Amino acid sequence: MYDVKKVIIIGSGFSSLSAACHLAKKGFEVEVFEKNSTLGGRARQFKQDGFTFDMGPSWYWMPDVFDRFFAEFGKKVSDYYELDRLDPGYQVVFGKDDVFQVHDSIEKIADRFEKEEKGSGKKLISFLKQAKRNYDVAIEDLVYKPGISPLELITPVTVKNVGLFLTNIRKQVERSFTSSKLRSLLQFPVLFLGAKPEQTPAFYNFMNYADFGLGTWHPKGGMIQIVNAMVSLAKELGVSFHTDHPVSEIITKNKKATGIRVGETVFEADIVVSGADYHHTESLLQAPLRVYSESYWKKKVFAPSSLLFYMGIDKKLDKLAHHNLFFDVDFEKHASSIYDTPEWPKEPLFYVNLPSSSDQSMAPKGKEACFILIPIAPDLEDTQALRDKYYDIVLTRMEELTGQKIKEHVMFKKSFCVLDFIQDYNSYKGNAYGMANTLRQTAFLRPKLKSKKVEDLYFTGQLTVPGPGVPPALISGNIVADMIAPL
Ligand SMILES: Cc1cc2nc3c(=O)[nH]c(=O)nc-3n(C[C@H](O)[C@H](O)[C@H](O)COP(=O)(O)OP(=O)(O)OC[C@H]3O[C@@H](n4cnc5c(N)ncnc54)[C@H](O)[C@@H]3O)c2cc1C
């Protein structure tokens, strides 16, 4: 038994929900305080006129991490939601009638590679063998570590493959594949880590195994099913939830967290854990108690922000899969507009999500729920005029590339961009998914899970370890719970 009993968790994103479940299982009394009226953080849903949209994450990758999470509580994913493996997992539109479909087995993908570049099928199989080894090491030995010391990265396998930390994904991919399409395909998964392929250690090619080996899945009804499952599990474990409760202060006494303030009310606790944006959480403390300065945050590489459009369409759309990447323009130039010289991209790459193409519950019969995401640099100017301009650019491209009228079939649309990320999630510079996992921002080099200045104050989520994405958020909540109460 531990002396400390009461834990307050700020925010209800996946990391907070995971921490809540793990801490409740360990015997703590847990209360979650969320500023918004819905639980799940960025994984909110927007519904209108019978259409359903996942507003944030839509790619269900690394299903083993979800299995492992529920297994910790003696449960299975199938106790809560129905999961389908998508085929194709996704498709990449390189031009009109030039589409690459990523199917649901390595063999099928290798055959497709071979058609694109002679000899690349075999190379892909051996590339993925190494990627799988890295995946196993990452999951077994690295990502569940608390990021306290560089020694955590030292395992027999990482020592043998130290070169993979010294070279980057881009170089590694370019060594084996010459086709620009295959190179883009193999570099795309690291975008989930929030950084450019040339900034990402080659060890992270385990994301290629996650992509081609483990596949892309869809929870029927959308990603909100994961939130509902975790909230339901948390409630079973005794966690209580307060929505519409924006925390305005973390209260401390003699440099120890003792509770939070919401409006005029103080809620006391023995421990405070925050899954809200790290930079925002520190702003809830008096300045001398913050560990990281403004100049620290300014120097960090953040994951992109995004311009999003959620649209109800009054007909079925052709030539589109559940997940579609429009890579028909220069990848480098778009990446440079995010990371090198932050500006609105001249010719944007974009992503189109069409869940109703494989899940009829997402839209009325004969219609389509569609969302579009354009990754952009955080902190860019965000105006209605810019949103309208980019809406027109991407819809026109979509019409040309898929050979069909779309604009006149849009029944309604809602947009979401930098200012919404700041207002809705207190996100630093309006980042969409946290701090990038570059070589200098990996593991022990990320903001720490435990405050060095305030006792009993902990952090979790996409700005700390292990990093951005839903599976890492689940892992982050697990690690912080184990740090608070080691097994
Ligand atoms: C558009 C988009 C697409 C994405 N796509 C994918 C994808 O396809 N697959 C994938 O794996 N990942 C994806 N991600 C990333 C993934 O969604 C995130 O990494 C993950 O959900 C982050 O969880 P979190 O718990 O760290 O933070 P969040 O989900 O941001 O949760 C933090 C919570 O804290 C709350 N909060 C903030 N301030 C306060 C306060 N003062 N008081 C109380 N509460 C507060 C916020 O409202 C929020 O609910 C995407 C993200 C976005 C935005």
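Look above for the structure.
Here is what the cut-offs are and how they apply
Residues numbered from 1 in each chain as written. Predicted model: local features only at pLDDT ≥ 70, side-chain atom pairs only at ≥ 80, totals over all residues. Heavy atoms only, no water. Phe/Tyr/Trp six-rings, centres within 6.5 Å; stacked < 30°, edge-to-face > 60°. Helix = DSSP H or I, 4+ residues; strand = E, 2+ residues; numbered from the N terminus. Buried < 20%, exposed > 50% of the residue type's maximum accessible area, 1.4 Å probe, protein only. Pairing = 2+ DSSP bridges. Axes fitted to C-alpha atoms, helices over the stretch in contact; angles between N-to-C directions. Contact = heavy atoms within 4.5 Å. Near = heavy atom within 4 Å. Polar contact = N/O pair within 3.5 Å; in protein donor to acceptor, adjacent residues only side chain to side chain. Areas by Shrake-Rupley, 256 points an atom, 1.4 Å probe, with all protein chains shown as cover. Domains from an automatic or database assignment. Disulfide = S-S within 2.5 Å. Parallel < 35°, antiparallel > 145°, perpendicular 65-115°, else oblique. Left-handed = near helix turned anticlockwise from the far one by under 90°.

S.K.: What is the right way to look at the packing of aromatic side chains in this model?
M.R.: For any pair of aromatic rings, geometry is given as the distance between the ring centres together with the angle between the planes. The full count for this structure, using the stated rule, is 51 aromatic pairs. With a centroid separation of 5.9 Å and 80° between ring planes, the pair formed by phenylalanine 113 and phenylalanine 177 is classed as edge-to-face. Of this pair, phenylalanine 113 sits in helix α3 (residues 106-116) while phenylalanine 177 sits in the loop between α7 (169-176) and α8 (180-187), and the two are 64 residues apart along the sequence. Per residue, the accessibility class of phenylalanine 113 equals that of phenylalanine 177, and both read buried.

S.K.: Please explain the sheet that holds strand β2 (residues 29-33) as it appears in this structure.
M.R.: A sheet is described by the order of its strands in space; here five strands give the open sequence β9-β2-β1-β13-β19, paired in parallel fashion. Edge positions in the sheet fall to β9 (240-242) and β19 (457-459), since each of these pairs with one other strand and no more. Each neighbouring strand pair of the sheet contributes to a mean axis angle of 20°, computed without reference to strand direction. Strands in contact with helix α1 (residues 14-25) are β1 (6-10), β2, β9 and β13 (271-274); relative to β1, the strand with the most contacts, it is inclined by about 170°.

S.K.: Sorry if this is basic, but what is going on with the site of the ligand here?
M.R.: Close to the ligand lie 39 residues; Ser15, Glu34, Arg42, Trp59 and Gln462 are nearest. Asparagine 36 places a side-chain nitrogen or oxygen 3.2 Å from an oxygen atom of the ligand. Taking serine 58, its main chain carries an N or O atom lying 3.0 Å from an oxygen atom of the ligand. Considering the ligand on its own, with 1,000 Å² of exposed area, one finds that the protein chains cover 97% of that surface. Where the shell around the ligand is concerned, the elements lending two or more residues are α1, α15 (418-425) and α16 (470-484). Two domains each provide a minimum of three residues to the shell around the ligand, namely domain 1 (6-82 + 221-299 + 435-484) and domain 3 (302-425).

S.K.: Just checking my understanding: could you explain the pairing of strand β6 (residues 90-95) for this structure?
M.R.: Regular strands place side chains that alternate from one sheet face to the opposite one. Extensive coverage of β6 is indicated by the burial of six of its six residues. Of the pairings in the sheet, the one linking β6 to strand β7 (residues 98-102) comprises five bridges and is antiparallel in character. Residue pairing in the sheet places tyrosine 90 in a bridge with valine 102 of β7. If you look at the hairpin formed by β6 and β7, you'll find two residues sitting between the two strands, and aspartate 97 has a positive phi there, around 55°. Pairing analysis gives three bridges linking β6 to strand β15 (residues 323-326), with the strands arranged parallel. Across the sheet, valine 93 pairs through a bridge with phenylalanine 326, a residue of β15.

S.K.: Mind showing me how you'd approach the state of the cysteines here?
M.R.: Covalently bonding the sulfur atom of one cysteine to the sulfur atom of another cysteine gives a disulfide. For the structure shown, the criterion picks out zero disulfides. Summary of cysteine pairing: cysteine 370 is not part of a disulfide, and the nearest cysteine sulfur, belonging to cysteine 417, is at 17 Å.

S.K.: Help me understand the sheet that holds strand β12 (residues 265-268), please; the structure alone is not making it clear to me.
M.R.: Here we have three strands laid out as an open sheet, ordered β10-β11-β12, and antiparallel in their pairing. For this open sheet the edge positions go to β10 (249-253) and β12, each flanked by a neighbour on one side alone. For this sheet, the mean angle separating the axes of adjacent strands, direction not counted, is 35°. Summarising the sheet, strand β11 (residues 256-262) and β12 pair through four bridges and their orientation is antiparallel. Across the sheet, valine 262 pairs through a bridge with threonine 265, a residue of β12.

S.K.: Looking at this model, I keep getting lost on the packing of α1 against helix α10 (residues 224-236). Mind explaining?
M.R.: Any two packed helices are characterised by how steeply their axes cross, that is the angle between the axes, and by the distance between the axes. Where α1 meets α10, the axes come as close as 9 Å, and the angle between the chain directions of the two elements is 25°. What the angle tells us is that α1 and α10 run roughly parallel. Considering the relative orientation of α1 and α10, their crossing is left-handed. Residues Phe14, Leu17, Ser18 and Cys21 of α1 form the contact with α10, whose own contacting residues are Ile226, Val227, Met230, Val231, Leu233 and Ala234.

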